[in-house]
Structures are given as C-alpha cells and as structure tokens.
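Reading the structure
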Amino acid sequence: MPASRRPRRRLVVAAVLLIPLLPLTACADADGARGDSSRPAAGAPGAPGVPGDDGQAGRRATAPASPASPAAPAGIPGLGPATRGGIPEKSRQAVVVRGDDQDANTSTVTLYERHATEGWKAVSDPWPAHNGLKGWTDHHTQDDLRSPIGVFGLTDAGGLLPDPGTKLPYDQDHGFTIRGTGALGEPLEGSFDYVVAINYNRRPGTSPLDWTRPLGAERGGGIWLHVDHEGPTQGCVSLKEPRMRELLKWLDPAAKPVVVMGDVTSLGR
C-alpha cells in the first residue's frame, strides 16, 4: 500500500471511535445543562441538597409528631375551687351531699372514690336524703335547724343496732335510743340505729356520743349521717336504712373518707 494513503485511514478510524460517544454526552446535557422544568433548581426550596434534606431526591425531612398530652384526672362534678381545695390530698373516699338550694331540706348523696391516674369516679347512684329543716348555712349555730356547709372528716360510727360490718370504729350503745316526733309529726324511733359522726365541732377518734365541742356549745354539734325518718332533720343528713348499711360497709379509714356537703351553689364556689 502506498505510504501517502496511511494517514487518511487513521482519520477514518478515529472518526468511527468518536461516533458512539456523542449520544452519551447529549443525555448528560439533557438532564443537566438544558434541565427538566419540573425539577427545582439546586438551592431552591424542596430541592435535593438543601439543609435538612438527606441528599436523596424525593425524600423530605419531617418534624416529629408532638406527643399527646395526658388527660387530667377527673374531679368531682359541681365542685368549685374553694370546695375542691378543702378535700385533703390523701382522701380517696368522698360522700357528696348536694342540696337543691340554700333553703331546701331535701338533697342527694353520691359516693365517690379517687384513683391515682383516673381521678374521682362515682361508685353509687344519687341517693335521696334529708338535711336540716331550714336548709344550709356556712355558719352553723345551735338550734338554727340548718346543716353546716363544708368538707368534714368521717372517722367514727355507732348505733343502737350491732355493727353491720364497717371498718370504722363502731360504738353500739343504748345511748342511741331516740323517741318523739320530727318536724312533720313523723316518728323518730330507729333514726339512730346506724350513725356516722360528721367531724363538725367534735373531737375525732371518739364515739359519736362524745359531746365535746371544740368551737363552743353555741356553734352546735352532734351532726351525723343517720337513718332517715321521712322528714327533715335538725342539721344532720339522713338516708334510708339499707343505704346507711351500704355506706357503713363502704367507708374505710385507710382511704381518709370525707363528707362534702352543702347546697349546689355553695359547693360550686
């Protein structure tokens, strides 16, 4: 072969080798220099490589979900801050007596238990009850015929009949005998078959028959939960006899029981 034709053949070979490289360069250009109009430019919001992105296209950084706040423990319905504040932190039983208004002598009694996480839960239906003939007062005095408003401890029980199975100290005594008639002419006999002393103006840890009056005799006393005689009381709260037995069996001194009593307006304060 003549020497003058050799350079020409090398040029043809070089041209053939370059042809396959051109499409590869064009694909890179289409995705890079010319770009895709649907893809955000580098540095634009949401583009890969911006702060907070992990560098993988289509993946977004998301903030962790806030944990739900735990529900607050339930309170006793209808009690305002002043009344709630009177219930000791250690109390896990509450006998709630609600009068319709300050001058009403009929009321209801509902039993509540407090649980560590759930709060207060009713454990009875509202039971019909009677209270003082003239209603309620926040300054009880002797013979005013009104029941005292407030939160009081329940530590001692007793009655004319034998202990029905209470955990409270129980004093069976003939001193609980009563006769005569009530405000409506109803017989009072049997009213003190079962009683629970309400710690208003009395010395806790003694029989309900103990007449010690720390606030003085003029401030009254002898305020009890006792058996209903179908009429208003002189200041006590009364329940049907089966309910009194149920109450006595439920009360537990380890639960630091209290009675929360008054008309609904006063309890809401």
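Computed from a predicted model, the values in this text were never measured in an experiment.

**Considerations on helix H4 (residues 241-250)**
Here H4 has its buried residues at Met244, Leu247, Leu248 and Trp250. Taken around the axis of H4, the buried residues stretch over an arc of 165 degrees, which confines them to a single face.

**A few points about the pattern of salt bridges**
Counted according to the given criterion, the structure contains six salt bridges. Between Asp156 and Arg202 there is a salt bridge, with its nearest N and O atoms 3.0 Å apart. You can see Asp156 sitting in the loop between strand E7 (150-153) and strand E8 (157-159) and its partner Arg202 sitting in the loop between strand E10 (195-197) and strand E11 (224-227), a full 46 residues away along the chain. Arg202 shares its class with Asp156; the two are buried. Of the charged contacts, one joins Arg203 and Asp210 as a salt bridge, the two residues approaching to 2.8 Å between their closest N and O atoms. When its relative accessible area of 17% is taken as the criterion, Asp210 is described as buried.

**Some points on the packing of aromatic side chains**
A full pass over the atoms with the stated rule returns four aromatic pairs. Centroid distance Phe152 to Tyr200: 5.9 Å. Interplanar angle 85 degrees. Geometry classified as edge-to-face. Note that Phe152 is positioned in strand E7 and Tyr200 in the loop between E10 and E11, a separation of 48 residues in sequence. A residue is classified by how much of its surface remains accessible, and Phe152, at 13% relative accessible area, is buried. Residue Tyr200 is classed as buried on the basis of its relative accessible area of 7%. Summarising the aromatic geometry, the rings of Phe192 and Trp224 are spaced 4.9 Å apart at their centres and angled 75 degrees between planes, so their arrangement reads as edge-to-face. Residue Phe192 is located in the loop between strand E9 (170-172) and E10, and its partner Trp224 is located in strand E11; the two are separated by 32 residues in the primary sequence. Taken together, the aromatic side chains of Phe176, Phe192, Trp211 and Trp224 make up a single cluster linked through ring pairs.

**Observations concerning the environment of Leu215**
Mapping Leu215 onto the fold places it in the loop between E10 and E11. Exposure remark for Leu215: the relative accessible area of 45% places this residue in the partly exposed category. Put simply, Leu215 and Asn201 are 14 residues apart on the chain and 5.8 Å apart in space, counted from C-alpha to C-alpha.

**Considering the layout of surface pockets**
For the largest pocket, the calculated volume is near 630 Å³. What lines the largest pocket is a set of 33 residues, among which Phe192, Gly222, Gln234, Gly235 and Cys236 lie closest to the centre. By residue class, the composition of the lining of the largest pocket is 14 nonpolar, 16 polar and three charged.

**What to know about the confidence of the model for the chain**
Here the chain averages 83 in pLDDT, and 74% of its residues register 70 or above. Taken together, the stretch residues 1-61 has pLDDT below 50 and engages in 21 contacts with residues farther than four places along the chain or on a different chain.

Cut-offs used in this document
Just so you know, the residues in each chain are numbered from 1, in the order the chain's sequence is written. Under the rules for a predicted model, residues below a pLDDT of 70 receive no local features and side-chain atom pairs below 80 are neither given nor counted, while totals for whole chains, interfaces and linings still include all residues. To get the side-chain values, take all heavy atoms of the structure and skip hydrogens and water. Think of it in three bands: residues with accessible area under 20% of the maximum for their type are buried, residues over 50% are exposed, and the middle band is partly exposed, with areas taken using a 1.4 Å probe on protein chains only. The helix and strand labels rest on DSSP assignments: H or I over at least four residues marks a helix, E over at least two residues marks a strand, and numbering proceeds from the N terminus. Note that the arc is defined by the directions from the helix axis to the C-beta atoms. Salt bridge, as used here, is a side-chain nitrogen of Lys or Arg placed within 4 Å of a carboxyl oxygen of Asp or Glu. Working definition: rings of Phe, Tyr and Trp (its six-membered ring) pair if their centres are within 6.5 Å, and the pair is stacked with planes under 30 degrees apart, edge-to-face with planes over 60 apart, and tilted otherwise. Cavity: a set of points on a 1 Å grid over the protein atoms alone where a 1.4 Å probe fits but cannot get out. Pocket: an open set with protein on both sides within 12 Å along at least five of seven lines, its lining residues, like those of a cavity, having an atom within 4 Å of a point. Grid points are joined across faces, edges and corners, and a volume is the space filled by probe spheres set on the points. Here the term charged refers only to Asp, Glu, Lys and Arg, the term nonpolar to Ala, Val, Leu, Ile, Met, Phe, Trp, Tyr, Cys and Pro, and the term polar to all other amino acids, Gly among them. A score between 0 and 100, pLDDT records how confident the predictor is in each residue. Note on definitions: a residue-residue contact is assigned when non-hydrogen atoms from the two residues lie within 4.5 Å.

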